[in-house]
Amino acid sequence: GGGMIEREKEKIRDAVRSALVAIDEEALAAQSALAQTRALALDVWKTARTAALYLPLPREVGTEAILARCRQQGTRVCVPCRRPDAADGYAFGWMDDETELQRGPWGILEPRAPEWADKAAIDVVVTPGLAFDRGGGRLGHGRGFYDRLLSGENARNATRIGLAFAVQLVEKVPMGPADVRMHAVATPGETAITEGRTTCLQ
């Protein structure tokens with residue numbers, strides 16, 4: 001039942017958190033750069049007109065190189081923002097160089113006065129997570145807001161790319177019915193591409 005999956009997820013969360021804390025800042029920065037380079041090697045960026053990125057928490061793979069590439073090639077960027085009137089409490093808001101940022105409820109930067117993005121128009125979603133597996137399974141922090149952001153009509157035409165440090169790639173993430181899979185997971189040492197999505201990725 002759900003209890004089993006939840007217990008499994010907590011075990012993985014604890015193990016990954018401990019492993020991440022043990023890595024020094026310099027190594028994290030180097031790994032972060034490598035994972036982003038791998039993500040940017042995917043073909044989907046050649047045609048992406050719009051991309052949803054995240055603004056990282058400490059010990060999450062950064063997105064600054066991906067942001068720079070988007071700016072350079074004219075890909076519009078949106079990021080998750082708290083939106084109390086949205087069903088899920090979060091939505092994607094556009095962000096450009098002039099956008100004023102503030103810290104949201106979890107300490108994550110977000111646009112202060114967001115202009116909301118139409119999720120159907122998003123081509124690529126770069127997704128954080130605590131753990132991923134090679135089948136595109138993703139484990140978040142347990143609040144579920146990314147699963148809701150990515151589900152249903154929201155961004156279903158988007159190519160979902162997970163970014164992870166090496167210690168965040170695990171054998172198998174237990175997936176419940178509401179959990180959304182990635183099409184690719186980019187880590188410093190490898191890019192795992194999920195079945196059936198290779199056409200738009202390679």
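Please read these numbers as outputs of a predicted model, since none were measured by experiment.

Visitor: Please clarify how the overall build of the chain should be interpreted in this entry.
Guide: When its secondary structure is counted, the chain shows six helices and eleven strands. Structurally, the chain occupies a C-alpha span of about 40 × 35 × 35 Å along its principal axes. A buried classification covers 50% of the 202 residues belonging to the chain. Taking contacts inside the chain between residues at least 6 apart in sequence as the whole, the part at least 24 apart equals 68%. A total accessible area of about 9,800 Å² is found for the chain, and carbon and sulfur atoms account for 52% of it.

Visitor: Sorry if this is basic, but what is going on with the pairing of strand S6 (residues 124-127) here?
Guide: Because side chains alternate across S6, one face comprises the buried residues Val-124 and Val-126, and the other comprises Val-125 and Thr-127, equally buried. Pairing between strand S1 (residues 50-52) and S6: two bridges, direction parallel. Bridge assignment links Ala-51 to a residue of S6, and that residue is Val-124. Here four bridges tie S6 to strand S9 (residues 159-163), and the two strands are oriented parallel to one another. Each bridged residue has a counterpart across the sheet, and for Thr-127 the counterpart in S9 is Gly-162.

Visitor: Help me understand the environment of Gly-176 in this model?
Guide: Position of Gly-176 among the secondary structure elements: in the loop between S9 and strand S10 (184-186). Owing to a relative accessible area of 18%, Gly-176 belongs among the buried residues under this scheme. The spatial distance from the C-alpha of Gly-176 to the C-alpha of Thr-75 is 33 Å, given a sequence separation of 101 residues.

Visitor: Sorry, what's going on with the pairing of strand S3 (residues 90-94) here?
Guide: Along any regular strand the residues' side chains alternate between the sheet's two faces. When you tally the buried positions in S3, you get five out of five residues, the bulk of the element. Residues Tyr-90, Phe-92 and Trp-94 line one face of S3 and the alternating positions Ala-91 and Gly-93 line the opposite face, and both faces are buried. Where strand S2 (residues 76-82) and S3 come together, five bridges link them in antiparallel fashion. When the sheet's bridge partners are listed, Arg-82 is paired in S3 with Tyr-90.

Visitor: In this structure, what is going on with the sheet that holds S1? I would like to understand it.
Guide: Pairing between the strands of a sheet is mediated by backbone hydrogen bonds and can be parallel or antiparallel. In space, the seven strands of this open sheet follow the order S3-S2-S1-S6-S9-S10-S11, with mixed pairing throughout. Each edge of the sheet is formed by a strand with only one pairing partner; in this case those strands are S3 and strand S11 (191-193). Direction aside, neighbouring strands of the sheet carry axes that sit 25° apart on average. Packed onto the sheet, helix H2 (residues 25-40) meets S9, S10 and S11 and runs at close to 160° relative to S9. Sitting on the sheet, helix H4 (residues 64-73) touches S1, S2, S6 and S9, and the angle it makes with S2 is about 135°.

Visitor: Can you help me understand H2 in this one?
Guide: Structurally, the α-helix is built with 3.6 residues per turn, so residues lying three or four positions apart point the same way. For H2, spanning 16 residues, the distance from its first C-alpha to its last is 22 Å, which sits close to the expected 22 Å at 1.5 Å a residue. Restricting attention to buried positions, one finds in H2 the residues Leu-28, Gln-31, Ser-32, Ala-35, Gln-36, Ala-39 and Leu-40. A distance of 3.0 Å separates the backbone nitrogen of Glu-26 from a side-chain oxygen at the start of H2, and that oxygen is part of Asp-24.

Visitor: Would you take a moment to explain the packing of aromatic side chains for this structure?
Guide: Between two aromatic rings, the relevant description is the distance of the centres plus the angle of the planes. Under the counting rule described, the total for this entry stands at zero aromatic pairs. Directly above the ring of Trp-94 sits Arg-76, whose terminal nitrogen or CZ lies 3.8 Å from the centroid.

Visitor: When you look at the nonpolar core in this model, what are you seeing that I'm missing?
Guide: Among soluble globular proteins, nonpolar side chains are generally buried collectively. Counting 58 residues, the largest nonpolar core has Trp-45, Ile-66, Phe-92, Val-124, Val-126 and Leu-163 as its most contacted members. Excluding residues that lie within four positions of it along the chain, Val-124 makes contacts with Val-44, Trp-45, Ala-48, Thr-50, Ala-51, Ala-52, Ala-158, Thr-159 and Ile-161.

Thresholds, definitions, all that
Residues numbered from 1 in each chain as written. Predicted model: local features only at pLDDT ≥ 70, side-chain atom pairs only at ≥ 80, totals over all residues. Heavy atoms only, no water. Helix = DSSP H or I, 4+ residues; strand = E, 2+ residues; numbered from the N terminus. Buried < 20%, exposed > 50% of the residue type's maximum accessible area, 1.4 Å probe, protein only. Contact = heavy atoms within 4.5 Å. Areas by Shrake-Rupley, 256 points an atom, 1.4 Å probe, with all protein chains shown as cover. Pairing = 2+ DSSP bridges. Axes fitted to C-alpha atoms, helices over the stretch in contact; angles between N-to-C directions. Expected span 1.5 Å × (residues − 1). Polar contact = N/O pair within 3.5 Å; in protein donor to acceptor, adjacent residues only side chain to side chain. Phe/Tyr/Trp six-rings, centres within 6.5 Å; stacked < 30°, edge-to-face > 60°. Lys NZ or Arg CZ within 6 Å of the ring centre and 35° of its normal. Core = buried A, V, L, I, M, F, W, Y, C linked by side-chain atoms within 4.5 Å.

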